[in-house]
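# Observations on the model geometry
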Amino acid sequence: MNDPIKSRLLELAANFKDELGGVMPLLHQVQKQFGYIPESCAVTVAPLFRLSTAEVEGVISFYHQFKREPQGKHRIQICRAEACQANGCRELEAFSKEYLQLEYGQTSADGLLSLDSVYCLGLCSHGPAVRVDDDLFVEVGAEKLQSIVEGLNDGR
Amino acid sequence: MMAVNIYVPADSLSIALGADDVAKRIAEKITKKAKQCSSSNFNITRNGTRGLFWLETLVEVEIDGCRVAYGPVRPADVDDSFVEALCSGSDHRLSVGLTEEIPELKCQQRLSFARLGLNDPLDITAYQDCGGFAGLRQAIQYSPQEIVDEVQSSGLRGRGGAAFPTAIKWQTVLDCQADQKYIVCNADEGDSGTFADRLMMEADPFCLIEGMIIAGLAVGADQGFIYLRSEYPRAADQLLSAIAIAIEKNFLGKNILGSGRDFKLQLRIGAEAYICGEETSLLRSLEGKRGMVSAKPPIPAISGLMGQPTIVNNVITLASIPIILAKGGAFYANYGQGRSKGTLAFQLAGNVKRGGLYEFAFGMSLRELLTIAGGCKNGKLHAVQVGGPLGAYLPESLWDTPLDYEAFMAIEAGVGHGGIVLFNDEVDLAQQARFAMEFCAAESCGKCTPCRIGSTRGVEVIDRIIASDSAQENKQQIELLDDLCETMELGSLCAMGGMTVIPVRSALKHFGEDFKVGAK
Ligand SMILES: Cc1cc2nc3c(=O)[nH]c(=O)nc-3n(C[C@H](O)[C@H](O)[C@H](O)COP(=O)(O)O)c2cc1C
Ligand code: SF4
Ligand code: FES
């Protein structure tokens, strides 16, 4: 048992195994540390929670946030909910996909960016709203999106 | 020389608008100025926000005990002349006068949000100076039944959307015999156009914590969970800090304030699933499972988290409890009308001139509220969606409806969590209806066929309506859509599938021209 991914997963799981519903906070930690949920996650951690592998797989697949593939260094999420639609997010969505050459759920070839949608960031009076990792942006038009992305490119 | 007290908001929205830079620049400029004239020292407090979003970043200064406001301040506005005006509270092109005299704030009835934006949200002393923990201290004096009775007399109904009487839920949990009971706060705030929960958690987190402790005392629960959506990272930070401070000051933990009662509170984060706002789905998610909705009964009050009696309440429901205990249920019930008692924190969003948080007693007309908010920021106001993605699209002919639960039911709409989204006349209501179906398809938990499959069919049918080139085909497809809506309404276990038909039907009924109804 000297697979480094497995031992890291077990180490993390030990922190949550006695907590009520500990699988969710564990998966958040795994996603944070690896950038995604490694394939061996479910089979590795399930016994600690007295669950079957299928049950843990089921949890992972249920939530949009948990990703099965490595993600970009930065995650760009465009709000596509109603209040942002009222402020033109449909145009921003189309522009972003075209500009980044990505569909929702895809990651750029250089591994820098992943593009995703989000349903509301609670900034609904100042849409279109965009989240990049834990930073929030409002009143985002094409130009502002470009400058955000350029900032990420520069800081790579 | 007295210190000058300056306030710069630090909620997610003001930060997105540059508030951190504004605060930094003000500090730099004053420090420089102070060096030159060796005059005043100053404090910059990062307060929550007043909820007047069109004025963000709203910078305030305290002059003779009154707060004078400037806004909206962008980082580039912070030059010498601005700082000079700010330090003395004098006139400037960004002046908006005394904060409390801002008309859109002055006319509000802020009960749950009484402290919004006054102080640093994590300053627990300031919280208590402004009435904080008075409700908890009162509750400690009461028996559990007396607490529930107080909530009963307030007439409070759940603010998460379903408007269920809070006291009935609490009584059920109180009456259950069980070794372990739980208080769960629903902080999943998934509805587009809503941000009241976010504001409460970011800008007055102790108020929510206080409400949860009181709920624990009322029903005999010593453990609580806040289930927070992961889309709110700043709320998570604020809550974690607030919980740590409350533990340190013995408002949480063992033997709270010497009462002999314990309460432990934990924060849990969701993972981007709208359906986890539905209470049974939320509880499964808290248990570390898929967020599948379960049939009721059993209701969570009897068999909730880990099968134990559980209160699940929305953030604003719980945050309304402290003032009800502090001032009495009758005080709260004095606001509002009919069976809609107290106040609701309306959230004005979308294409709105003066967006933000508007707390009012139930009963004013939708039109009045839209007028206070100034209508659209660009274009002409055409349609309003009330109550989130499962709420109705309303045309001007219905804007005189009073904002109360029953009046909105009567027009096949709902007040929900109080989100109000404004659209100008460029909106295409057929596209909005299509989106409602698409959203349902994306967020369905998958348990019921009408919700899971019906919503995808709904998208296709609406596409065919939009593409229809004969009146006959249009009519046929609209009949299909009607049938589909009926199937979804009747065959769905929860409101996700059952209420997706509300935006769809209202769009079709009130904005038929966008669906080519009657076109040749
Ligand atoms: C699809 C769906 C989503 C919901 N989302 C939320 C939510 O985000 N926040 C919330 O407080 N209640 C939400 N609810 C309502 C909850 O099921 C539940 O009624 C509420 O948490 C009870 O608290 P209250 O009585 O204080 O409102 C949702 C319901 C459904 C059907
Ligand atoms: S209506 Fe939809 S979301 Fe609700 S239980 Fe059924 S499938 Fe799940
Ligand atoms: S709808 Fe986009 S932030 Fe709320």
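The structure under discussion appears in the preceding block.
Before going into details, it helps to say that this report is about the structure given with it. All values derive from a computational prediction rather than experimental measurement. Each chain has its residues counted from 1, running along the sequence as written. The order in which chains are written sets their letters, starting at A; the order in which ligands are written sets their numbers, starting at 1. Only residues with pLDDT of at least 70 get local features here, since the model is predicted, and only at 80 or more are side-chain atom pairs given and counted; chain-wide, interface and lining totals rely on the full set of residues. Side-chain figures throughout are based on the complete set of non-hydrogen atoms in the structure, without hydrogens or water.

A word on the layout of surface pockets. Of the two site types, the cavity is a set of points on a 1 Å grid over the protein atoms alone where a 1.4 Å probe fits but cannot get out, and the pocket is an open set with protein on both sides within 12 Å along at least five of seven lines, each lined by residues with an atom within 4 Å of a point. Grid points are joined across faces, edges and corners, and a volume is the space filled by probe spheres set on the points. Its boundaries defined by the atoms lining it, the second largest pocket holds a volume of some 1000 Å³. Of all the secondary structure elements, the ones that give two or more residues to the lining of the second largest pocket are α2 (23-34) and β1 (74-79) of chain A together with α11 (233-248) and β8 (264-269) of chain B. Strands here mean DSSP runs of E at least two residues long; helices mean DSSP runs of H or I at least four residues long; both are numbered from the N terminus. Looking at the lining of the second largest pocket, the element that brings in the most residues is α2(A), giving 6 residues. By residue class, the composition of the lining of the second largest pocket is 9 nonpolar, 11 polar and 11 charged. When residues are sorted by character, Ala, Val, Leu, Ile, Met, Phe, Trp, Tyr, Cys and Pro go into the nonpolar class, Asp, Glu, Lys and Arg into the charged class, and all the rest, Gly among them, into the polar class.

All names here are of chain B. In this analysis, strands are considered paired if DSSP registers two or more bridges between them. Spatial ordering of the open sheet is given by β8-β7-β6-β9, a layout of 4 strands whose pairing is parallel. Where the open sheet ends on each side, the last strands, each with one partner, are β8 and β9 (310-314). Strand-to-strand twist across the sheet, computed as the mean angle between neighbouring axes with direction ignored, equals 20°. Two elements, strand β6 (residues 182-187) and strand β7 (residues 223-228), share 6 bridges in a ladder whose sense is parallel. Bridging from a neighbouring strand, Val184 pairs with Phe225 of β7. In what follows, residue pairs with any heavy atoms lying within 4.5 Å of each other are defined as contacts. To get an axis, a line is fitted to the C-alpha atoms, and for a helix only the part in contact is used. The angle between two axes follows their N-to-C directions and goes from 0 to 180 degrees. Along the sheet, helix α10 (residues 205-219) makes contact with β6, β7, β8 and β9, crossing β6 at roughly 150°.

For the rest of this paragraph, the subject is the site of ligand 1. All names here are of chain B. One heavy atom within 4 Å of a molecule or strand makes the whole residue count as near it. Around ligand 1 sit 20 residues, and of these Gly160, Asn186, Asn313, Asn314 and Thr317 come closest. We define a polar contact as two N or O atoms separated by no more than 3.5 Å, with the added condition that, inside protein, one atom must be a possible hydrogen donor and the other a possible acceptor, whereas residues neighbouring each other in sequence contribute only through side-chain atom pairs. One nitrogen or oxygen atom from the main chain of Gly160 is found 2.7 Å from an oxygen atom belonging to ligand 1. The backbone of Gly190 places a nitrogen or oxygen atom 3.3 Å from an oxygen atom of ligand 1. Accessibility throughout is a Shrake-Rupley quantity obtained with a 1.4 Å probe, and a residue counts as covered only by protein chains that appear here. When the free accessible area of ligand 1 is taken as 610 Å², the share hidden by the protein chains comes to 91%.

Moving on to the packing of helix α7 (residues 144-154) of chain B against α10(B). All names here are of chain B. Their axes nearest at 7 Å, the elements α7 and α10 cross at an angle of 125°. Classified by the angle between their axes, α7 and α10 sit oblique to one another. Remark: the crossing between α7 and α10 carries left-handed chirality. Residues Pro144, Ile147 and Val148 of α7 lie in contact with α10, whose contacting residues are Ile214, Leu217 and Ala218. When grouped by side-chain class, the residues that make up the contact of α7 with α10 number 6 nonpolar, no polar and no charged. Should an angle fall under 35 degrees it is called roughly parallel, over 145 degrees roughly antiparallel, and 65 to 115 degrees roughly perpendicular, with every other angle called oblique. By definition, any crossing whose near helix is turned counterclockwise from its far helix by less than a right angle is left-handed, and any crossing with a clockwise turn is right-handed.

This next bit is on the interface of chain A and chain B. Each side of the interface is counted separately: chain A has 40 residues, and chain B has 61 residues. Of the roughly 3800 Å² buried between chain A and chain B, counting both surfaces, carbon and sulfur atoms make up 55%. Considering only the surface of chain A that becomes buried against chain B, Leu20(A), Phe62(A) and Glu82(A) emerge as the three largest contributors, covering 19% of it. For this analysis, a salt bridge means a side-chain nitrogen from Lys or Arg found within 4 Å of a carboxyl oxygen belonging to Asp or Glu. Across the chain A-chain B interface, the total number found is 3 salt bridges. Between Glu19(A) and Arg268(B) there is a salt bridge, with the nearest N and O atoms lying 2.8 Å from each other. Note: buried area is the sum, over both parts, of the accessible area (probe 1.4 Å) each one loses when the two are combined.

Among the 13 residues in the neighbourhood of ligand 2, the closest are listed as Cys445(B), Lys447(B), Cys448(B), Cys451(B) and Cys494(B). In terms of residue class, the shell around ligand 2 is built from 8 nonpolar, 4 polar and 1 charged.

Another point: the nonpolar core. Core analysis: the largest hydrophobic core is formed by 156 residues, its most contacted members being Tyr63(A) and Trp170(B). With residues near it in sequence (within four places) discarded, Tyr63(A) still touches Met24(A), Tyr227(B), Ala271(B), Glu272(B), Ala273(B), Cys276(B), Ser285(B), Lys289(B), Arg290(B) and Gly291(B). As used here, the term nonpolar core means buried Ala, Val, Leu, Ile, Met, Phe, Trp, Tyr and Cys residues forming a set that is joined through side-chain atoms within 4.5 Å. Three exposure classes are used, based on accessible area relative to the maximum for each residue type with a 1.4 Å probe and protein chains only: buried under 20%, partly exposed in between, and exposed over 50%. Counting 36 residues, the second largest nonpolar core, distinct from the first, contains Val386(B), Ala392(B), Trp399(B) and Leu403(B).

A few words now on the pairing of strand β13 (residues 356-361) of chain B. All names here are of chain B. Most of β13 sits inside the fold, with 6 of its 6 residues counted as buried. Of the pairings in the sheet, the one linking strand β12 (residues 343-350) to β13 comprises 6 bridges and is antiparallel in character. Residue pairing for β13: Leu344 is matched across the bridge by Phe360. Linking β12 back to β13 in an antiparallel pair, the connection comprises 5 residues.

Further remarks concern helix α9 (residues 196-203) of chain B. Of all 8 residues making up α9(B), 8 are buried, and the element is well covered by its neighbours. All of the buried residues in α9(B) are Ala196(B), Asp197(B), Arg198(B), Leu199(B), Met200(B), Met201(B), Glu202(B) and Ala203(B).

In this scheme Phe, Tyr and Trp rings, the latter by its six-membered ring, pair at centre separations within 6.5 Å, and the angle between planes marks the pair as stacked below 30 degrees, edge-to-face above 60, and tilted otherwise. Summed over the entire model, instances satisfying the criterion amount to 16 aromatic pairs over all chains. With 5.7 Å between their ring centres and 70° between their planes, Phe331(B) and Tyr335(B) make a pair best called edge-to-face. Exposure remark for Phe331(B): the relative accessible area of 25% places this residue in the partly exposed category. Three or more aromatic residues link up through ring pairs in this structure, and these residues are Tyr119(A), Tyr274(B), Phe435(B) and Phe439(B). Counted as over-ring charges are cases with an Arg CZ or a Lys NZ within 6 Å of the ring centre that also lie within 35 degrees of the ring normal. Over the aromatic face of Tyr7(B) sits the side chain of Arg67(B), whose NZ or CZ is 3.5 Å from the ring centroid. The lysine or arginine in question, Arg229(B), covers the ring of Tyr232(B), its NZ or CZ lying 4.8 Å from the ring centre.

Time to look at the pattern of salt bridges. Across all of its chains, the model carries 37 salt bridges over all chains by this definition. The closest approach of N and O atoms between Asp77(B) and Arg93(B), which form a salt bridge, is 3.1 Å. In this pair, Asp77(B) is assigned in the loop between β4 (66-70) and α3 (80-88) and Arg93(B) in the loop between α3 and β5 (95-98), connecting sequence segments 16 residues apart. Its salt-bridge partner being Glu406(B), residue Arg157(B) comes within 3.3 Å of it at the nearest N-O pair. Residue Arg157(B) is found in the loop between α7 and α8 (166-175), and its partner Glu406(B) is found in helix α17 (residues 405-410); the two are separated by 249 residues along the sequence. Judged by its relative accessible area of 9%, Arg157(B) falls in the buried class. Note on Glu406(B): relative accessible area 27%, which makes it partly exposed. A single salt-bridge network, built from bridges that share partners, covers Arg80(A), Glu93(A), Arg434(B), Glu438(B) and Asp463(B).

Keep in mind that these numbers describe shape and distance, not what the molecule does.
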